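Spelled out, the chains give:
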Amino acid sequence: MIIGCHVSFKKDCLLGSVKEALDYGANTFMFYTGAPQNTLRNPIDPLSTLKAKKIMQENGIDINKVICHAPYIINLANNLDEKKYAFSIHFLSEEIKRCEEMGISYIVLHPGSSVGIPREIALNNVVYALNKVLENNSSVTILLETMAGKGTELGCNLDEIKYLIDNVVKKDNIGVCLDTCHLNDAGYDMTDFDTFLQQFDTMIGISYIKCIHVNDSKNPVNSHKDRHANIGYGFIGFSSLLKIIMNEKLREVPKILETPYIGDSNTDKSRIYPPYKFEIAMIKKEEFNSNMMEDIREYYKKTS
Ligand code: FE
Ligand code: FE
Ligand code: ZN
């Protein structure tokens, strides 16, 4: 089982991220190269990167399964503001360079939002941008994330994902990141994952799936909301998520948790704790822990 979660990425680059992942009992992880909502980036520190790689090797973390996530302010779909569109293309290229510097193979990307232009035109803008970014030969693969369909988000159905992949010239540099919460919210029943996977395979091909974001959803199927819930605490449920994680056909695909942090209590709302150590333990044990929230609060109160 290759399982990890979203971790932070600070001045020491991958080094801090690896340590955080190991603390959660993860054997892979996902990071943003800086704040996800802005484009301020520090240069990659080669020495920290080297140290991080050594720790990964010692602990059986395969760097080829480690995932970077592009900031979500990149929007390749809308070109009404030409400067912004050009900036998105440029910034994604820079992110890919940073991945190359660190030896990271995959970067997850939200396809974008059409905001005020027809969807077909927006899709073609994404195609143009992806091909532009991939013009420079690269070892990095862009993974298009399946989206919930909130607002004018593209990529919230398999037809759109297929359209994008079909029109990207360099097929070796394009793939898909499934997000279980997003798929649920987009109208795909994750409690019947085999049917979904069959459909995906027929339309696109299972081999394009290079990452799975494993999240429960706070809303029922087809709600188009995109609000993640902790594993087993949402509408998809523990057993369905576990089946997805354990699916033989996706054995080599890294599973990444992006579930919400847990609030301390009603008395101290400012303190939040990461759920990942406990969610990963629960998944490894293959047994739902209905007392997880309490366990998390208790554990982090003791250690802080
Ligand atoms: Fe995402
Ligand atoms: Fe996601
Ligand atoms: Zn989401």
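Quick caveat, the model's predicted, so the values are computed rather than measured.

So, about the coordination of the zinc ion (ligand 3). Coordination sphere of the zinc ion (ligand 3), protein contribution only: His182 (NE2), Asp226 (OD) and His228 (NE2), at 1.9 to 2.2 Å. Along the chain, the residues that donate to the zinc ion (ligand 3) are spaced as H-x43-D-x1-H. Here the iron ion (ligand 1) and the zinc ion (ligand 3) are spaced 5.5 Å from one another. One end of the pair, His182, is in helix α6 (residues 180-186); the other, Asp226, is in the loop between β8 (216-217) and β9 (228-229), and 44 residues separate them in sequence. The exposure class of His182 is buried, given its relative accessible area of 2%.

This part covers the coordination of the iron ion (ligand 2). Only Glu145 (OE), Asp179 (OD), His213 (ND1) and Glu258 (OE) from the protein coordinate the iron ion (ligand 2), and they sit 2.0 to 2.2 Å from it. The metal-metal distance between the iron ion (ligand 2) and the iron ion (ligand 1) is 3.3 Å, with Glu145 coordinating both. Taken together, the residues His213 in strand β7 (residues 209-214) and Glu258 in the loop between β10 (255-257) and β11 (262-263) connect sequence positions 45 residues apart. Residues His213 and Glu258 agree in their burial class; the two are buried.

This part covers the packing of aromatic side chains. Note on aromatic pairs: each is described by the distance of the centres and the angle between the planes. Summed over all chains, the structure comprises 14 aromatic pairs. With a centroid separation of 6.0 Å and 80° between ring planes, the pair formed by Tyr261 and Tyr276 is classed as edge-to-face. Highlighted residues: Tyr261 in the loop between β10 and β11 and Tyr276 in helix α9 (residues 276-285), separated in sequence by 15 residues. Of the aromatic side chains, those joined through ring pairs into one cluster are Tyr188, Phe193, Phe196 and Phe200.

This next bit is on unusual backbone geometry. The phi dihedral of Val115 is positive, around 25°, even though this residue is not glycine. You can see Val115 is positioned in the loop between β4 (106-109) and α4 (119-133). Phi at His224 takes a positive value of approximately 55°, unusual for a residue other than glycine. Summarising the element assignment, His224 is placed in the loop between β8 and β9.

A word on the nonpolar core. Formed by 92 residues in total, the largest nonpolar core has its most connected members in Phe29, Phe31, Leu92 and Ile142. Leu92 has contacts with Ala70, Ile74, Leu76, Ile107, Leu109, Val133 and Ile142, leaving out every residue within four places of it along the chain. Among the nonpolar cores identified, the runner-up in size contains eight residues, and Met30, Cys177, Cys211 and Ile256 belong to it.

Interaxial distance between α4 and helix α5 (residues 158-167) falls to 9 Å at its minimum, and their mutual angle equals 40°. By the angle between their directions, the pair α4 and α5 is classed as oblique. For the crossing formed where α4 meets α5, the hand is right-handed. Counting all contacts with α4, which are made through Arg119, Leu123, Asn124, Val126, Val127 and Asn131, the residues of α5 involved are Glu160, Tyr163, Leu164 and Asn167. The residue inventory of the contact of α4 with α5, partitioned by class, reads five nonpolar, three polar and two charged.

What follows deals with the sheet that holds strand β6 (residues 174-179). The eight strands are arranged β1-β2-β3-β4-β5-β6-β7-β10 in a closed barrel whose pairing can be described as parallel. For this sheet, the mean inter-axis angle between neighbouring strands, taken without regard to orientation, is 30°. In this structure, β4 lies alongside strand β5 (residues 141-145), joined through four bridges in parallel fashion. By the bridge assignment, Ile107 is partnered in β5 with Ile142.

Analysis parameters
All residue numbers here refer to positions counted from 1 along the written sequence of the relevant chain. Starting at A for chains and at 1 for ligands, labels are handed out in the order in which the entities are written. Whole-chain, interface and lining totals are the exception, using all residues; otherwise, since this is a predicted model, local features are given only for residues with pLDDT of at least 70 and side-chain atom pairs are given and counted only at 80 or more. Derived side-chain values reflect all non-hydrogen atoms in the structure, with water molecules and hydrogen atoms excluded from consideration. Coordination here is defined by N, O and S atoms within 2.8 Å of the metal (3.2 Å for Na, K and Ca), and since water is not considered, a site can look incomplete. Starting at the N terminus, helices and strands are each numbered in turn, a helix being any DSSP run of H or I of at least four residues and a strand any DSSP run of E of at least two. Only protein chains enter the accessibility calculation, which uses a 1.4 Å probe; a residue is then buried when its area is under 20% of its type maximum, exposed when over 50%, and partly exposed in between. By convention, a stacked pair of Phe, Tyr or Trp rings (six-membered ring in the case of Trp) has centres within 6.5 Å and planes under 30 degrees apart, an edge-to-face pair has planes over 60 apart, and any other such pair is tilted. Buried Ala, Val, Leu, Ile, Met, Phe, Trp, Tyr and Cys residues that are joined via side-chain atoms within 4.5 Å together make up what is termed a nonpolar core. Any two residues having at least one pair of non-hydrogen atoms within 4.5 Å are treated as being in contact. Under this scheme, a helix contributes an axis fitted over its contacting stretch, all axes are lines through C-alpha atoms, and angles between N-to-C directions fall in the 0 to 180 degree range. Should an angle fall under 35 degrees it is called roughly parallel, over 145 degrees roughly antiparallel, and 65 to 115 degrees roughly perpendicular, with every other angle called oblique. Helix crossings are classified by the rotation of the near helix relative to the far one: an anticlockwise turn of less than a right angle makes the crossing left-handed, while a clockwise turn makes it right-handed. Under this grouping Gly is polar, as are all residues other than the nonpolar Ala, Val, Leu, Ile, Met, Phe, Trp, Tyr, Cys and Pro and the charged Asp, Glu, Lys and Arg. At least two bridges found by DSSP between two strands are what make those strands a pair.

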